[in-house]
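Observations on the three-dimensional arrangement
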Amino acid sequence: MQLTQDQIKQDPPQDWRRYFTFCTDHKVIGVQYMVTSFTLYLVGGFLAMLIRAELWTPDPDFFPDSQVYNGVFTVHATIMIFLWLIPMLAGFANFLIPLMIGARDMAFPRLNALAFWLIPPGAILLLSSFFVGAPAAGWTSYPPLSLMDGTAGQAIWLASVILLGTSSIMGALNFITTIWEMRIPSMDIWRMPLFIWAMFATSIITLLATPVLTGALVLLTFDLLAKTTFFNPIGGGDPVIYQHMFWFYSHPAVYIMVLPGFGMISEILPVFSRKPIFGYRAIAVSSMTIAILGFIVWAHHMFTSGTPEWLRIFFMITSMIIAVPTGIKVFSWVATIWGGKLRFTSAMLFALGFLSVFLVGGLSGIMLASVPFDIHVHDTYFVVAHLHYVLFGGSVFAVYAGIYYWFPKITGRMLNETWGKIHFVLTFVGFNLCFFPMHRLGLMGMPRRVAAYDASFTDLNVLIGIGGFLLGVSTLPFLANAVYSWIGGPKAPANPWEALTLEWTTPSPPPVENWDVLPVLTVGPYDYGHEGRDPQEIIRS
């Protein structure tokens, strides 16, 4: 029996004040994550523009005090990783997981709410460090540099990141339990949407890797405040052990930030190509393979840290091997859109933009996995370029694609497509203008994390600065579009894109418990190509 409008509870709450409360509704928590993290993205982006203003000229004229400059790029990187990308993707997971598997809520609603409410204190702590001397050791906080000065700011940084890591662990526990235990009976694992597969793999990584980082940060806190010597070489400690613990988390953390994006792209491309996803099982298995291989590549960040030769060769090989499952995904996405009836919506444009820029980041990643090349460009702007092509390209483009795709479901309103396409063009041009020349700059030998540089690097830095400011401006049409559309945009139907996953079988926005009668799945989530059939007709209750 097909769901009728009478069977679906049409009472999404309208009181906006619930977004400021300890609400246990997964959809409210999802929006709380997304709005909070995007606000912090604007803060992190503003700091990035200050960095580019400093690098406009070779001399340190914008930040006469180099420690302030160091503090700005440290807080910028920390915000972008721990307060923008990871919470934003957790926001999508919160909103979508129960809706995509046919559940009414998360397995642990109160734990879910608590995980979100650790984010604002973590953000306030981090930003407050500017009042006492911001942490200046970079987002890696390697000892002994992080133990040398700026004790108060560094201690606040440590407390903030430990708090945010705790939030991630809570969220991961919730996602795994919900996906494993609360799917509708008709959804076996090979009928799960690929976003669910991606979040399952991501949550496993988070649950296993984050405690290691937390342990390292706790020991570093003891070294900083109690003057222990776990990592401090002055007292006999070993700073390289910190690097091992840090990268054991932080390389898999790359997949924590890109795997959910992979899942979003896997949802969007088939919808706007009107074709089944190519290689569904290969994409699902490759997500799990990346999660496993991600734990045996960490030391490729430490080729210049005295790592033994045999170990460098081992990590070089494993780092190259992990490109294989990623390549399988890229091949499957290209095969999915090949010959499809493409609809170039804003969501589709950002998904295609993701494909092109992430490919550049993936190729430079293979180059950096090679020991000789990595040593040659270590700590140069080549690494900065690679990092941003992977994380901005692999995450932010996917996040924007996801916002344009699920905004109607979240708010019940449609975004303006014209402004969406203007947003895409500005973002794509600004991004490539900003980060592509950094490859050249790195190969020329410009080191990262410096406020002063050789005058021969000036032209490229000016070009990068123009791209950076254009990237900053690109957020304005998006913000105007999102605010205007949420307040007064055209009302969205339940399924504006004619998609097949379960979240589109309930009204936009969904009622409190998602469905009055839980749906029963009779076909897969990507069974497109049923000409002349209403997508809703093949999902029956």
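Presented here is a report on the structure given in the accompanying data block. Source: prediction; values computed, not measured.

What about the packing of helix α9 (residues 280-293) against helix α11 (residues 323-337)?
The interhelical angle for the contact between α9 and α11, taken along N-to-C directions, is 155°, at an axis separation of 8 Å. Comparing the axis directions of α9 and α11 gives the class roughly antiparallel. Of the two possible hands of crossing, α9 and α11 adopt the one that is left-handed. Packed against α9, whose contacting residues are Ala282, Ile283, Ser286, Ser287, Thr289, Ile290 and Leu293, the element α11 presents Pro325, Thr326, Ile328, Lys329, Ser332 and Trp333 at the interface. Split by residue class, the contact of α9 with α11 holds seven nonpolar, five polar and one charged.

Some details on unusual backbone geometry
The omega torsion of the bond from proline 143 to proline 144 falls at 10°, within 30 degrees of zero and hence cis. The residue proline 144 is located in the loop between α4 (119-128) and α5 (145-148) in this model. In this structure, proline 509 follows serine 508 across a cis peptide bond, with omega equal to -5°. Considering the arrangement of structural elements, one finds proline 509 in the loop between α17 (475-488) and β1 (520-521).

Describing a nonpolar patch on the surface
On the surface, Ile313, Ile317, Ile321, Val324 and Ile328 cluster together to form a nonpolar patch covering roughly 390 Å² of accessible area. At three residues, helix α10 (residues 309-321) tops the list of elements feeding residues into the nonpolar patch. Relative to the helices and strands, valine 324 is located in helix α11.

Conventions adopted
- Residues numbered from 1 in each chain as written.
- Predicted model: local features only at pLDDT ≥ 70, side-chain atom pairs only at ≥ 80, totals over all residues.
- Heavy atoms only, no water.
- Axes fitted to C-alpha atoms, helices over the stretch in contact; angles between N-to-C directions.
- Helix = DSSP H or I, 4+ residues; strand = E, 2+ residues; numbered from the N terminus.
- Parallel < 35°, antiparallel > 145°, perpendicular 65-115°, else oblique.
- Left-handed = near helix turned anticlockwise from the far one by under 90°.
- Contact = heavy atoms within 4.5 Å.
- Nonpolar A, V, L, I, M, F, W, Y, C, P; charged D, E, K, R; others polar.
- Patch = residues over 30% accessible without salt bridge, like charges linked within 9 Å, V, L, I, M, F, W, Y side chains within 5 Å.
- Areas by Shrake-Rupley, 256 points an atom, 1.4 Å probe, with all protein chains shown as cover.
- Salt bridge = Lys/Arg side-chain N within 4 Å of Asp/Glu carboxyl O.

All we've got here are geometric facts, nothing functional implied.
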